[in-house]
Amino acid sequence: HGVVMNSFETTPKDVDFLKEYLGINHLSLHVKTRLRAKRFNMDPEKAWNDELKWTDSILDICKKLGVTATVVSSDFPIDPKYSLSQSSPGFWNSKNHLSDLFDRVDKLARHFKGRGKELCAFEILAEPLSRVGKQMKTPDNWPEVRDRIIRIIRKQDPNRWIVTAPGPGGQFSGYLKLNKLEHPGIIYAAHTNQPHGFTHQGIRNRDLGVTYPGRIRFEKIDQAYLRSIFKPLLEFQQRHDVLVWIGEFSAVRWAEGAEQYIKDAVDIFDEYGWSWSYFQYKGYHGWNPDYNTNHSNDDRKFWMKNFVGLSSVRWQTLRDIFGVNSAKRSTK
């Protein structure tokens with residue numbers, strides 16, 4: 001049970017805080033090389049090395065505190081000059097970009113292979129996706145790319161867990177046609193962000209006003225709806241007796257009913273025996289628990305006015321789901 005964090009706003013002191021305040025036992029560490037290079041106008045190689053240094057610093061404190069972490073790297077290609085992302089067809093169709101991906105995976109595995117239990121797993125390309133306009137699909141070569149990534153990591157680090165998710169985008173529906181992989185030591189993952197009309201309302205001009213429980217068009221959204229969304233992964237787990245991790249889940253802080261949505265989702269995760277990571281600690285203000293429930297656009301002078309720190313509703317929700325406010329839930 002843990003949270004997602006990245007390097008831009010966090011330091012080892014944050015791990016101390018999260019351990020003390022929430023009782024986390026896991027962190028999902030997102031390596032954001034291309035974003036760092038773009039945001040700070042940096043050489044991509046320097047950005048890559050800076051991301052690894054940050055990750056090492058977090059893993060060091062995790063080791064001290066008895067927390068495990070998954071290193072998640074999806075920011076490919078790492079050089080922003082290509083104007084491509086990991087969801088661009090131009091990335092998936094390029095031998096050069098895929099060759100660089102495999103080289104980075106090898107470097108990542110070599111760099112961290114000496115780590116102990118503080119490093120639980122690697123996850124590469126957490127949301128395999130090829131997007132053209134509003135259409136998204138599983139990249140045709142994802143199975144081959146995934147298997148090569150696994151083989152590269154295994155060559156350097158034979159016993160580390162590897163997390164993988166199906167396309168498109170790590171959605172639960174991807175498990176309808178997925179077969180269990182032949183590779184040992186695999187954790188199967190998904191991201192919970194459905195329905196987008198609720199969880200992402202108010203972001204990038206999406207309509208506001210969808211509530212939970214409630215309805216989107218003619219469909220009722222409540223805990224029964226969530227169970228129906230999660231069903232393909234549950235059935236996959238039951239067929240194959242595998243470990244499951246929900247690598248991201250959340251709802252934007254101003255969505256009416258967001259706190260209940262999060263609690264209902266976690267109740268189901270716990271019932272099914274799934275591990276989970278809240279998205280996210282710090283980072284984008286819409287998910288950041290330090291802010292109140294007022295809607296704000298992405299103009300900093302507006303959203304900074306909503307900062308309330310630990311008095312926010314979202315922090316109380318997080319303390320609820322981590323079991324800090326009651327004896328209901330355990331983080332063992």
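The coordinates are above.
Below or above, wherever it landed, is the structure these notes cover. These figures come from a predicted structure and were not determined experimentally.

### As for the sheet that holds strand β7 (residues 161-164)
Taken in spatial order, the eight strands close into a barrel running β1-β2-β3-β4-β7-β8-β11-β12, and their pairing is parallel. Sheet twist, expressed as the mean angle between neighbouring strand axes with direction ignored, is 30°. Inspection of the sheet shows strand β1 (residues 2-6) paired to strand β12 (residues 275-278) by two bridges, in the parallel sense. From the neighbouring strand, V3 faces β12, where its bridge partner is Y278. Sitting on the sheet, helix α6 (residues 142-156) touches β4 (119-124), β7 and β8 (186-192), and the angle it makes with β7 is about 165°.

### Brief notes about the nonpolar core
Grouped burial of nonpolar side chains is what soluble globular proteins tend to show. Counting residues in each nonpolar core, the largest one holds 89 residues, and the members touching the most others are L27, L101, L125, I149, F198, I246 and W274. Residue contributions to this core peak at eight residues, all from helix α9 (residues 258-272). When neighbours within four sequence positions are excluded, L101 is seen to be in contact with F76, F91, I124, L125, V145 and I149. Formed by eight residues, the second largest nonpolar core is a distinct cluster that contains A126, A165, I187 and A189.

### Concerning the side chain of S296
Inspection of the secondary structure assignment puts S296 in the loop between β12 and α10 (300-303). A distance of 3.3 Å separates the side chain of S296 from the side chain of N306, its partner in a polar contact. With near-sequence residues (within four places) excluded, S296 lies in contact with R253, W254, H285, F302, W303 and N306.

### Regarding the layout of surface pockets
Any empty space left between the atoms is revealed when a probe the size of a water molecule rolls over them. Approximately 210 Å³ is the volume attributed to the second largest pocket. C120, I187, V244, W245 and S275 are, among the 18 residues lining the second largest pocket, the residues nearest its centre. Mapped by element, the contributors of at least two residues to the lining of the second largest pocket are β3 (68-73), β4, β11 (243-249) and β12. Of the residues that constitute the lining of the second largest pocket, the class distribution is nine nonpolar, nine polar and no charged.

The rules we used
- Residues numbered from 1 in each chain as written.
- Predicted model: local features only at pLDDT ≥ 70, side-chain atom pairs only at ≥ 80, totals over all residues.
- Heavy atoms only, no water.
- Pairing = 2+ DSSP bridges.
- Helix = DSSP H or I, 4+ residues; strand = E, 2+ residues; numbered from the N terminus.
- Axes fitted to C-alpha atoms, helices over the stretch in contact; angles between N-to-C directions.
- Contact = heavy atoms within 4.5 Å.
- Core = buried A, V, L, I, M, F, W, Y, C linked by side-chain atoms within 4.5 Å.
- Buried < 20%, exposed > 50% of the residue type's maximum accessible area, 1.4 Å probe, protein only.
- Polar contact = N/O pair within 3.5 Å; in protein donor to acceptor, adjacent residues only side chain to side chain.
- 1 Å grid on protein atoms, 1.4 Å probe; cavity = no way out; pocket = protein on both sides within 12 Å on 5 of 7 lines; lining within 4 Å.
- Points joined across faces, edges and corners; volume = space filled by probe spheres on them.
- Nonpolar A, V, L, I, M, F, W, Y, C, P; charged D, E, K, R; others polar.

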